[in-house]
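# Understanding the architecture of this molecule
One-letter residues, chain by chain:
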Amino acid sequence: GTCKLFEVSSDGSSVTEKHTWKVAENMLGSTFDRTPRGGMQLGCAFAGGITPVSVSFNNQISILPMPGAGGEIEILTGHNAPIGAVAFDHSKGVFYTGDSDGIICKWDLKEIKALERIVPPNDKDISYAVHKGAISAMTVLKGSQLCTMGWDDTARYTKNDKLQSETLDITAQPVATATGTSLTAILTVNGVMLLEDGKQSSAGVIPLSYTGNCIAVSKDDDTIYVGGEDCKIYVYSGDMKEKHVIEGGHLKPVHSLAISNDGTKLAAGDGRDVCVYNTSDYSTLISKGKFCFHLQKV
């Protein structure tokens with residue numbers, strides 16, 4: 001968990017230890033009896049020939065200040081596994097990403113710079129794994145509270161960027177999630193679970209008669225849209241009562257949904273096309289064959 005600096009005499013006859021950087025201790029924020037697994041150092045170098053850097057087992061890079069130069073150890077963080085989910089908090093100018101190792105990063109939205117990883121409670125190994133499986137869905141609730149869902153079939157919450165010990169059993173593997181204002185809908189492989197201000201409001205998972213790929217919730221919490229593997233878009237009320245089915249708009253399964261800021265339009269992406277609909281009467285504004293520039297699912 002440490003890096004050491006040595007001075008070698010010009011003739012190579014003597015080696016003197018000059019300094020020790022306590023990298024793992026810096027990441028953990030405290031001393032330890034057993035070296036944290038994530039804080040073990042795998043390699044080091046002088047970047048540009050002058051700046052000491054080290055790579056930790058948890059894939060973070062530490063920039064080490066030279067003795068006498070002052071300053072603290074600076075951590076460069078990010079992901080080392082595929083990113084499966086993203087959530088934006090425009091009120092604070094940040095966004096969050098989750099990867100297949102269960103790690104969550106917080107980013108500056110303006111600078112597009114990774115600020116830190118979300119630290120689980122009692123993470124003595126500083127592995128930063130929030131979920132025991134891949135993170136596939138995340139959303140920001142009212143009050144800038146982050147809610148994440150992973151393949152461990154649980155949802156987890158932050159408060160003031162601190163991960164809480166509270167978890168929610170979503171009973172199935174999550175596919176996608178969306179939040180209006182107070183209403184959050186979690187799409188799983190078994191159906192949809194509803195949350196009100198982060199608390200479960202539906203009686204378990206509401207089953208669907210089709211395979212859902214994506215979900216969107218209107219800002220007024222009155223409408224939920226689900227894109228299906230059957231190439232249809234299903235429209236529900238806020239309590240998951242079916243109101244309408246948009247059929248014939250897509251030739252391929254619908255994989256992505258987005259509602260315009262004013263709530264009047266719904267965009268849907270499939271394996272090729274992006275179509276746009278009026279939310280008032282579900283009429284088509286942009287039909288298939290017009291915006292068809294993607295070669296993979298949107």
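Everything discussed here concerns the structure shown above.
The present account deals with the structure reproduced in this document. (Residues numbered from 1 in each chain as written. Predicted model: local features only at pLDDT ≥ 70, side-chain atom pairs only at ≥ 80, totals over all residues. Heavy atoms only, no water.)

### A closer look at the side chain of Thr-148
With respect to the helices and strands, Thr-148 occurs in strand β12 (residues 145-150). Under the relative-accessibility criterion, Thr-148 is labelled buried at 2%. A distance of 2.7 Å separates a polar atom in the side chain of Thr-148 from a polar atom in the side chain of His-131. Not counting chain neighbours up to four residues away, the residues in contact with Thr-148 comprise Ile-104, Val-130, His-131, Ala-137, Met-138, Thr-154, Ala-155 and Arg-156. (Helix = DSSP H or I, 4+ residues; strand = E, 2+ residues; numbered from the N terminus. Buried < 20%, exposed > 50% of the residue type's maximum accessible area, 1.4 Å probe, protein only. Polar contact = N/O pair within 3.5 Å; in protein donor to acceptor, adjacent residues only side chain to side chain. Contact = heavy atoms within 4.5 Å.)

### Focus: the sheet that holds strand β11 (residues 135-141)
With antiparallel pairing, 4 strands are arranged side by side in an open sheet as β11-β12-β13-β14. Unpaired on one side and paired on the other, β11 and β14 (162-169) mark the two borders of the sheet. Ignoring which end each strand starts from, the neighbouring axes of this sheet average 25° apart. As paired strands, strand β13 (residues 154-159) and β14 are joined by 5 bridges and run antiparallel to one another. From the neighbouring strand, Arg-156 faces β14, where its bridge partner is Thr-167. (Pairing = 2+ DSSP bridges. Axes fitted to C-alpha atoms, helices over the stretch in contact; angles between N-to-C directions.)

### Focus: the layout of surface pockets
In this structure, the largest pocket spans a volume of roughly 1,300 Å³. Lining the largest pocket we find 36 residues, and of these Val-86, Thr-177, Ala-178, Ile-215 and Leu-257 sit closest to its centre. Mapped by element, the contributors of at least two residues to the lining of the largest pocket are β7 (83-89), β11, β15 (174-179), β19 (212-217) and β23 (256-259). Of the residues forming the lining of the largest pocket, the biggest block, 6 residues, is contributed by β11. Among the residues making up the lining of the largest pocket, the classes are represented as 19 nonpolar, 14 polar and 3 charged. In this structure, the second largest pocket occupies an estimated 450 Å³ of space. Looking at the second largest pocket, it is lined by 24 residues, and the ones nearest its centre are Met-27, Leu-28, Gly-29, Ile-126 and Tyr-128. Secondary structure elements with two or more residues in the lining of the second largest pocket: α1 (23-28) and β10 (113-117). (1 Å grid on protein atoms, 1.4 Å probe; cavity = no way out; pocket = protein on both sides within 12 Å on 5 of 7 lines; lining within 4 Å. Points joined across faces, edges and corners; volume = space filled by probe spheres on them. Nonpolar A, V, L, I, M, F, W, Y, C, P; charged D, E, K, R; others polar.)

### With respect to the environment of Gln-164
With respect to the helices and strands, the residue Gln-164 is situated in strand β14. Beyond its immediate chain neighbours, meaning those up to four positions away, Gln-164 contacts Pro-121, Arg-156, Tyr-157, Thr-158 and Lys-159. Only 2.8 Å separates the side chain of Gln-164 from the backbone oxygen of Lys-162, close enough to count as a polar contact.

### Quick notes on the pattern of salt bridges
As a working rule, side chains carrying opposite charge can pair if their charged atoms are close by. Using the criterion set out here, one finds 9 salt bridges in the structure. The residue Lys-106 makes a salt bridge to Glu-116 at a minimum N-O spacing of 3.8 Å. With Lys-106 in strand β9 (residues 104-108) and Glu-116 in strand β10, the pair connects residues that are 10 residues apart, well separated along the chain. Given a relative accessible area of 35%, Glu-116 falls into the partly exposed group. Note that Lys-241 and Asp-239 form a salt bridge whose closest N and O atoms lie 3.9 Å from each other. The partly exposed category is assigned to Asp-239, whose relative accessible area is 45%. One network of salt bridges, with partners in common, ties together Lys-106, Glu-116 and Asp-161. (Salt bridge = Lys/Arg side-chain N within 4 Å of Asp/Glu carboxyl O.)

### As for unusual backbone geometry
Among all residues save glycine, negative phi is the norm, and among peptide bonds the norm is trans. Residues other than glycine seldom take positive phi values, yet Tyr-128 does so here, at roughly 65°. Note on placement: Tyr-128 falls in the loop between β10 and β11. Its identity is not glycine, yet Asn-160 carries a phi of approximately 55°, on the positive side. The topology assignment puts Asn-160 in the loop between β13 and β14.

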